[in-house]
Amino acid sequence: MIRRRYNRQRGFGLIEVLITLLVFSVGVLAVAGLQAISKKNNFDSLQRTTAASLAESIIASIRANPVARDKYLVSTTAPLGSRATVSAPTSCYANACNPSEMAAFDLYVWEQALDGAGEILVLGDNATSTGGLASPSACIIGPADGSDDFYQIVIAWRGVTKLGASQTNACGAGRGLYDTGDAEDDASYQRFFVLQTYISQ
């Protein structure tokens, strides 16, 4: 009579453990990569939302001070933002300002908002602006005489990822705010928001 021996498998073998670890590691890396992409997209979305809000706020200021519309114009060759702060004008919070002084004060406050001066991170003796946009440039384009017409607000900033060089705007271009050493990066990292509206008295 022949007796057959049956081997019973007990527990996991080393191969099964290694395969399980490999599959688990690939899954964890995929989740980490997805989280990194999601974080970048969320940052770009937040920057675009901030730019839209800032553009609407300066439009409201111009509409509230229509007599000095020409004083709000900011050329593409000398944009606001990126800590290139204009000198502080007369504060219109504490003083009665004429239309030109109000325009200068509005632009000063707007540039502070672009650079995130309202949100400060204090580490020891150092204070750093943490709000606003990443390397912003802002331009306000309209008729030189401030007449009734279309006015265009252009706000540019540095994006997280590199895009094609076709999506560029003259506002802030060539300032070196978006590049990383590559001659094409100044264009490919630039993001911009444009708001155009008709303003009349």
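These remarks concern the structure in this document.

Parameters at a glance
- Residues numbered from 1 in each chain as written.
- Predicted model: local features only at pLDDT ≥ 70, side-chain atom pairs only at ≥ 80, totals over all residues.
- Heavy atoms only, no water.
- Helix = DSSP H or I, 4+ residues; strand = E, 2+ residues; numbered from the N terminus.
- Buried < 20%, exposed > 50% of the residue type's maximum accessible area, 1.4 Å probe, protein only.
- Contact = heavy atoms within 4.5 Å.
- Areas by Shrake-Rupley, 256 points an atom, 1.4 Å probe, with all protein chains shown as cover.
- Pairing = 2+ DSSP bridges.
- Axes fitted to C-alpha atoms, helices over the stretch in contact; angles between N-to-C directions.
- Disulfide = S-S within 2.5 Å.
- Patch = residues over 30% accessible without salt bridge, like charges linked within 9 Å, V, L, I, M, F, W, Y side chains within 5 Å.
- Salt bridge = Lys/Arg side-chain N within 4 Å of Asp/Glu carboxyl O.
- Core = buried A, V, L, I, M, F, W, Y, C linked by side-chain atoms within 4.5 Å.

1. Some thoughts on the overall build of the protein
No. 1: From N to C terminus, the protein includes three helices and five strands.
No. 2: Listed by position from the N terminus, the elements making up the protein come as α-α-β-β-β-β-α-β.
No. 3: Scored against the burial criterion, the 201 residues of the protein give a buried share of 28%.
No. 4: Long-range contacts, defined here as pairs at least 24 residues apart, represent 64% of the contacts in the protein between residues at least 6 apart.
No. 5: A total of about 12800 Å² of accessible surface is found on the protein, and carbon and sulfur atoms cover 56% of it.

2. Details of the sheet that holds strand S5 (residues 190-199)
No. 1: A sheet is described by the order of its strands in space; here three strands give the open sequence S3-S4-S5, paired in antiparallel fashion. In the strand order of this sheet, the two ends are held by strand S3 (137-141) and S5, each with one partner. With strand direction ignored, the average angle separating the axes of adjacent strands in the sheet is 10 degrees.
No. 2: Of the strand pairs in this sheet, S3 and strand S4 (residues 149-158) are connected by five bridges, and their pairing is antiparallel. Bridge pairing in S4 places Ala-138 opposite Ile-155.

3. Things to note about the state of the cysteines
No. 1: This model, assessed by the stated rule, comprises two disulfides.
No. 2: At a sulfur-sulfur separation of 2.1 Å, the disulfide partner of Cys-92 is Cys-97. Note on the Cys-92 and Cys-97 pair: the S-S dihedral is about -110 degrees, so by sign convention the disulfide is left-handed.
No. 3: With relative accessibility at 14%, the residue Cys-92 sits in the buried group.
No. 4: Here Cys-139 is linked by a disulfide to Cys-171, with a sulfur-sulfur distance of 2.1 Å. Disulfide Cys-139 to Cys-171: torsion about the S-S bond roughly 95 degrees, handedness right-handed. With Cys-139 in strand S3 and Cys-171 in the loop between S4 and helix H3 (185-188), this pair connects stretches of sequence that are 32 residues apart.
No. 5: The class for Cys-171 is buried, based on a relative accessible area of 0%.
No. 6: Each disulfide of the protein joins two cysteines, and with those cysteines numbered along the sequence the arrangement is 1-2, 3-4.

4. Regarding a nonpolar patch on the surface
No. 1: Judged by side-chain polarity, Leu-14, Ile-15, Val-17, Leu-18, Ile-19, Leu-21 and Val-23 come together as a nonpolar surface patch covering roughly 690 Å² of accessible area.
No. 2: Looking at the element boundaries, Ile-19 is found in helix H1 (residues 14-64).

5. A few points about the nonpolar core
No. 1: Ile-58, Leu-107, Trp-110, Leu-114, Ile-140, Ile-153 and Ile-155 are the most contacted members of the largest nonpolar core, which totals 24 residues.
No. 2: When contributions to this core are tallied by element, the ones reaching two or more residues are H1, helix H2 (99-114), S3, S4 and S5.
No. 3: Here this core takes seven residues from H1, the largest share from any one element.
No. 4: Setting aside residues no more than four positions away along its own chain, Ile-140 makes contact with Ile-58, Ile-62, Tyr-72, Leu-73, Val-74, Leu-107, Trp-110, Gln-152 and Ile-153.

6. Quick word on the pattern of salt bridges
No. 1: This structure, assessed with the given rule, holds one salt bridge.
No. 2: Ionic pairing is found between Arg-69 and Asp-148, a salt bridge with its closest N-O pair at 2.8 Å. Residue Arg-69 is located in the loop between H1 and H2, and its partner Asp-148 is located in the loop between S3 and S4; the two are separated by 79 residues in the primary sequence.
No. 3: For Arg-69, a relative accessible area of 4% corresponds to the buried category.

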